[in-house]
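Observations on the three-dimensional arrangement
These are the residues of each chain, in order.
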Amino acid sequence: MTACELTPSILSCDPSQFRPAVRELMEAGVEWIHFDVMDGQFVPPITFGHELVASLRSLGETPFEAHLMTLTPERHFQAFVEAGCSRVTFHVEVAPHAHRLIQTLHELGAQAGVALNPGTPVEAVRGVLEIADLILVMTVNPGWGGQAFLDPMLRKVEQLRSLKPDLTIQVDGGIDPVHLRRAREAGANAFVSGSFLVQQLSLADGVGQLRAACG
(Lines give C-alpha, C1' and ligand atoms only; values in the text may rest on other atoms or scores of the structure.)
Protein backbone atom coordinates (compact mmCIF):
# COMPACT_ATOMS: atom_id res chain seq x y z
CA MET A 1 0.00 0.00 0.00
CA THR A 2 1.19 3.53 -0.78
CA ALA A 3 2.64 5.76 1.93
CA CYS A 4 0.21 7.67 4.13
CA GLU A 5 0.65 11.45 4.30
CA LEU A 6 -1.04 13.52 6.99
CA THR A 7 -1.72 17.02 5.69
CA PRO A 8 -3.66 18.78 8.49
CA SER A 9 -5.52 22.02 7.90
CA ILE A 10 -5.32 24.93 10.32
CA LEU A 11 -8.78 26.19 9.29
CA SER A 12 -10.49 25.01 12.48
CA CYS A 13 -7.78 26.35 14.80
CA ASP A 14 -8.23 29.56 16.78
CA PRO A 15 -6.71 32.23 14.51
CA SER A 16 -4.94 33.76 17.50
CA GLN A 17 -3.18 30.42 17.98
CA PHE A 18 -2.06 29.69 14.42
CA ARG A 19 1.66 29.94 15.29
CA PRO A 20 1.61 27.48 18.22
CA ALA A 21 -0.76 25.21 16.28
CA VAL A 22 1.55 25.01 13.28
CA ARG A 23 4.55 24.47 15.56
CA GLU A 24 2.75 21.61 17.36
CA LEU A 25 1.73 19.97 14.09
CA MET A 26 5.29 20.17 12.82
CA GLU A 27 6.65 18.66 16.01
CA ALA A 28 4.04 15.87 15.72
CA GLY A 29 5.67 14.87 12.42
CA VAL A 30 2.97 15.64 9.86
CA GLU A 31 4.03 15.55 6.22
CA TRP A 32 2.42 18.86 5.15
CA ILE A 33 0.57 21.85 6.61
CA HIS A 34 -2.58 22.66 4.62
CA PHE A 35 -3.89 26.21 4.16
CA ASP A 36 -7.53 26.58 3.09
CA VAL A 37 -7.72 29.83 1.14
CA MET A 38 -11.27 31.09 0.45
CA ASP A 39 -12.26 34.23 -1.42
CA GLY A 40 -15.92 34.76 -0.51
CA GLN A 41 -16.90 34.07 -4.13
CA PHE A 42 -16.12 30.47 -5.09
CA VAL A 43 -17.18 29.63 -1.54
CA PRO A 44 -19.01 32.01 0.85
CA PRO A 45 -16.36 32.42 3.59
CA ILE A 46 -13.21 34.51 3.39
CA THR A 47 -10.21 33.10 5.24
CA PHE A 48 -6.65 34.38 4.78
CA GLY A 49 -4.03 35.18 2.19
CA HIS A 50 -0.39 34.56 1.40
CA GLU A 51 0.77 36.93 4.15
CA LEU A 52 -0.27 34.40 6.80
CA VAL A 53 1.66 31.65 5.04
CA ALA A 54 4.76 33.85 4.88
CA SER A 55 4.47 34.74 8.57
CA LEU A 56 4.51 31.05 9.57
CA ARG A 57 7.15 29.76 7.17
CA SER A 58 10.03 30.33 9.60
CA LEU A 59 8.56 27.91 12.16
CA GLY A 60 10.10 24.81 10.58
CA GLU A 61 10.89 22.80 7.48
CA THR A 62 7.55 20.97 7.10
CA PRO A 63 6.27 21.82 3.61
CA PHE A 64 3.23 24.05 3.17
CA GLU A 65 0.42 23.61 0.64
CA ALA A 66 -2.29 26.09 -0.32
CA HIS A 67 -5.75 24.91 -1.33
CA LEU A 68 -7.15 27.81 -3.35
CA MET A 69 -10.95 27.79 -3.16
CA THR A 70 -11.06 30.90 -5.34
CA LEU A 71 -12.58 31.95 -8.65
CA THR A 72 -9.28 33.13 -10.13
CA PRO A 73 -6.60 30.93 -8.54
CA GLU A 74 -3.95 31.71 -11.15
CA ARG A 75 -3.82 35.32 -9.91
CA HIS A 76 -2.42 34.09 -6.61
CA PHE A 77 -0.03 31.32 -7.62
CA GLN A 78 3.14 33.38 -7.48
CA ALA A 79 2.26 35.04 -4.17
CA PHE A 80 1.67 31.72 -2.42
CA VAL A 81 4.75 30.09 -3.87
CA GLU A 82 6.89 33.05 -2.85
CA ALA A 83 5.30 32.94 0.62
CA GLY A 84 6.60 29.40 1.03
CA CYS A 85 4.07 26.95 -0.42
CA SER A 86 5.68 23.95 -2.09
CA ARG A 87 2.33 22.79 -3.49
CA VAL A 88 -0.70 24.73 -4.67
CA THR A 89 -4.07 23.16 -5.43
CA PHE A 90 -6.78 24.83 -7.51
CA HIS A 91 -10.30 23.70 -8.42
CA VAL A 92 -10.98 22.25 -11.84
CA GLU A 93 -14.46 23.83 -11.76
CA VAL A 94 -12.93 27.30 -12.28
CA ALA A 95 -10.11 26.25 -14.59
CA PRO A 96 -11.00 25.65 -18.25
CA HIS A 97 -7.25 25.72 -18.90
CA ALA A 98 -6.23 23.37 -16.08
CA HIS A 99 -3.34 21.94 -18.09
CA ARG A 100 -1.84 25.41 -18.52
CA LEU A 101 -2.29 26.27 -14.85
CA ILE A 102 -0.42 23.11 -13.87
CA GLN A 103 2.39 24.12 -16.22
CA THR A 104 2.44 27.58 -14.62
CA LEU A 105 2.86 26.13 -11.13
CA HIS A 106 5.62 23.83 -12.31
CA GLU A 107 7.40 26.81 -13.87
CA LEU A 108 7.18 28.55 -10.48
CA GLY A 109 8.86 25.53 -8.89
CA ALA A 110 5.79 24.22 -7.08
CA GLN A 111 3.85 20.99 -7.22
CA ALA A 112 0.37 21.32 -8.73
CA GLY A 113 -2.81 19.87 -7.29
CA VAL A 114 -6.27 19.81 -8.85
CA ALA A 115 -9.38 19.61 -6.66
CA LEU A 116 -12.78 18.07 -7.40
CA ASN A 117 -15.97 19.24 -5.69
CA PRO A 118 -18.44 16.50 -4.67
CA GLY A 119 -20.62 17.19 -7.72
CA THR A 120 -17.74 17.06 -10.19
CA PRO A 121 -16.95 13.72 -11.87
CA VAL A 122 -13.51 12.18 -12.18
CA GLU A 123 -13.76 12.65 -15.93
CA ALA A 124 -13.10 16.36 -15.40
CA VAL A 125 -9.46 15.68 -14.48
CA ARG A 126 -8.74 12.70 -16.71
CA GLY A 127 -6.90 14.90 -19.19
CA VAL A 128 -4.41 16.21 -16.62
CA LEU A 129 -3.67 13.06 -14.63
CA GLU A 130 -0.29 12.62 -16.31
CA ILE A 131 1.01 16.06 -15.30
CA ALA A 132 -0.82 16.84 -12.02
CA ASP A 133 1.13 16.04 -8.87
CA LEU A 134 -2.00 15.50 -6.79
CA ILE A 135 -5.74 15.17 -7.18
CA LEU A 136 -7.80 16.36 -4.22
CA VAL A 137 -11.19 14.69 -3.78
CA MET A 138 -13.44 16.87 -1.64
CA THR A 139 -15.35 14.59 0.71
CA VAL A 140 -17.55 17.49 1.84
CA ASN A 141 -18.77 20.56 -0.02
CA PRO A 142 -16.03 23.19 0.34
CA GLY A 143 -16.45 26.26 2.51
CA TRP A 144 -16.71 25.18 6.12
CA GLY A 145 -15.09 22.72 8.48
CA GLY A 146 -17.03 20.26 10.57
CA GLN A 147 -19.25 18.79 7.84
CA ALA A 148 -20.18 15.13 7.60
CA PHE A 149 -18.13 12.86 5.35
CA LEU A 150 -19.82 12.06 2.02
CA ASP A 151 -19.55 8.30 1.50
CA PRO A 152 -20.15 8.35 -2.29
CA MET A 153 -16.86 10.20 -2.76
CA LEU A 154 -14.99 6.97 -2.01
CA ARG A 155 -16.00 5.75 -5.47
CA LYS A 156 -14.12 8.70 -6.99
CA VAL A 157 -11.02 7.70 -5.06
CA GLU A 158 -11.32 4.16 -6.38
CA GLN A 159 -11.74 5.43 -9.95
CA LEU A 160 -8.69 7.68 -9.71
CA ARG A 161 -6.55 4.91 -8.24
CA SER A 162 -7.51 2.58 -11.06
CA LEU A 163 -6.72 5.23 -13.67
CA LYS A 164 -3.28 6.08 -12.26
CA PRO A 165 -1.82 3.68 -9.69
CA ASP A 166 1.02 6.01 -8.64
CA LEU A 167 -1.13 9.15 -8.24
CA THR A 168 -1.16 11.11 -4.98
CA ILE A 169 -4.85 11.19 -4.05
CA GLN A 170 -5.79 13.53 -1.24
CA VAL A 171 -9.14 13.60 0.56
CA ASP A 172 -10.46 16.60 2.45
CA GLY A 173 -13.57 16.82 4.62
CA GLY A 174 -14.82 14.91 7.63
CA ILE A 175 -11.54 13.03 8.06
CA ASP A 176 -11.24 11.25 11.40
CA PRO A 177 -9.59 7.87 12.07
CA VAL A 178 -12.63 5.92 10.83
CA HIS A 179 -13.02 7.82 7.58
CA LEU A 180 -9.27 7.97 7.03
CA ARG A 181 -9.14 4.19 7.16
CA ARG A 182 -12.04 3.87 4.72
CA ALA A 183 -10.55 6.39 2.32
CA ARG A 184 -7.19 4.67 2.53
CA GLU A 185 -8.77 1.34 1.67
CA ALA A 186 -10.37 3.02 -1.37
CA GLY A 187 -6.95 4.23 -2.52
CA ALA A 188 -6.32 7.65 -0.97
CA ASN A 189 -2.86 8.32 0.41
CA ALA A 190 -2.99 11.95 1.64
CA PHE A 191 -5.43 13.14 4.28
CA VAL A 192 -6.56 16.63 5.26
CA SER A 193 -8.03 16.82 8.76
CA GLY A 194 -9.02 19.86 10.76
CA SER A 195 -12.15 19.72 12.90
CA PHE A 196 -11.26 16.29 14.27
CA LEU A 197 -7.85 17.49 15.43
CA VAL A 198 -9.09 20.51 17.37
CA GLN A 199 -11.61 18.32 19.22
CA GLN A 200 -8.90 16.10 20.74
CA LEU A 201 -6.91 16.62 23.93
CA SER A 202 -4.20 18.18 21.78
CA LEU A 203 -3.37 18.48 18.12
CA ALA A 204 -0.50 16.06 18.66
CA ASP A 205 -2.87 13.53 20.21
CA GLY A 206 -5.17 13.82 17.20
CA VAL A 207 -2.24 13.37 14.82
CA GLY A 208 -1.28 10.23 16.73
CA GLN A 209 -4.76 8.80 16.27
CA LEU A 210 -4.74 9.54 12.55
CA ARG A 211 -1.25 8.05 12.23
CA ALA A 212 -2.46 4.86 13.91
CA ALA A 213 -5.36 4.69 11.46
CA CYS A 214 -2.91 4.80 8.58
CA GLY A 215 -1.82 1.29 9.54
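Our subject in this report is the structure included herewith. Positions within a chain are numbered from 1, following the residues in the order the chain's sequence is written. Local features in this predicted model are restricted to residues of pLDDT 70 or higher, and side-chain atom pairs are both shown and tallied only at a pLDDT of 80 or more, whereas totals for entire chains, interfaces and linings draw on every residue. Only hydrogens and water are set aside when side-chain values are computed; all heavy atoms of the structure are taken into account.

Things to note about the state of the cysteines
- Any two cysteine sulfur atoms lying within 2.5 Å of each other are counted as a disulfide. Applying the stated criterion across every chain, the model contains 1 disulfide.
- Put simply, Cys4 and Cys214 are joined by a disulfide, and their sulfur atoms are 1.9 Å apart. A residue pair is termed long-range when its members are at least 10 positions apart, and Cys4 in the segment before strand 1 (5-6) and Cys214 in helix 8 (residues 203-214) qualify at 210 residues.
- Under the relative-accessibility criterion, Cys4 is labelled buried at 13%.
- Relative accessible area serves as the criterion here: at 7%, Cys214 is assigned to the buried category.
- With no disulfide partner, Cys13 has as its closest neighbouring cysteine sulfur the one in Cys85, 16 Å distant.
- A 1.4 Å probe rolled over the protein chains alone gives each residue an accessible area, and that area as a share of the maximum for its type sets the label: buried under 20%, exposed over 50%, partly exposed in between. Of the residues examined, Cys85 reaches a relative accessible area of 4% and is grouped as buried. Numbered from the N terminus, helices here are DSSP runs of H or I no shorter than four residues, and strands are runs of E no shorter than two.

A closer look at the pairing of strand 5 (residues 111-116)
- Of all 6 residues in strand 5, 5 are buried, a share of seventy percent or more.
- Should DSSP find at least two bridges between two strands, the strands are taken to pair. Pairing geometry for strand 4 (residues 85-91) and strand 5, over 5 bridges, is parallel. By the bridge assignment for strand 5, Thr89 is matched with Gly113.
- A clockwise path from the first strand over the helix to the second, with the strands pointing away from the viewer, defines a right-handed crossover. In this fold, the crossover linking strand 4 to strand 5 by way of helix 4 (residues 98-107) has right-handed handedness.
- As defined by bridge partners, strand 5 adjoins strand 6 (residues 134-138) across 4 bridges and the pair is classed as parallel.

Some details on helix 1 (residues 18-27)
- Among the residues of helix 1, Phe18, Ala21, Val22, Leu25 and Met26 are the ones counted as buried. Looking down the long axis of helix 1, one finds its buried residues gathered within 135 degrees of arc, a one-sided arrangement.
- A contact between two residues is defined here by any heavy atoms of the two lying within 4.5 Å. Where helix 1 is buried, its residues meet strand 2 (33-38), helix 2 (50-56), strand 3 (64-69), helix 7 (195-198) and helix 8.
- Following helix 1 by one or two positions, Gly29 has its phi on the positive side, about 90 degrees. The reported arc concerns the directions from the helix axis to the C-beta atoms and nothing else.

Quick look at helix 6 (residues 177-186)
- Turning to helix 6, its buried residues number three or more, namely Pro177, His179, Leu180, Ala183, Arg184 and Ala186.
- Where helix 6 is buried, its residues touch strand 1, helix 5 (153-163), strand 7 (169-172), strand 8 (190-192), helix 7 and helix 8.
- Measuring from the backbone nitrogen of Val178 back to the side-chain oxygen at the start of helix 6 gives 3.1 Å, which picks out Asp176 as the cap.
- Of the residues trailing helix 6, Gly187 is marked for its positive phi of about 130 degrees. Two N or O atoms form a polar contact when they lie within 3.5 Å of each other; inside protein one atom must be a possible hydrogen donor and the other a possible acceptor, and for residues adjacent in sequence the pair counts only when both atoms belong to side chains.

Just distances and angles here, no functional claims.
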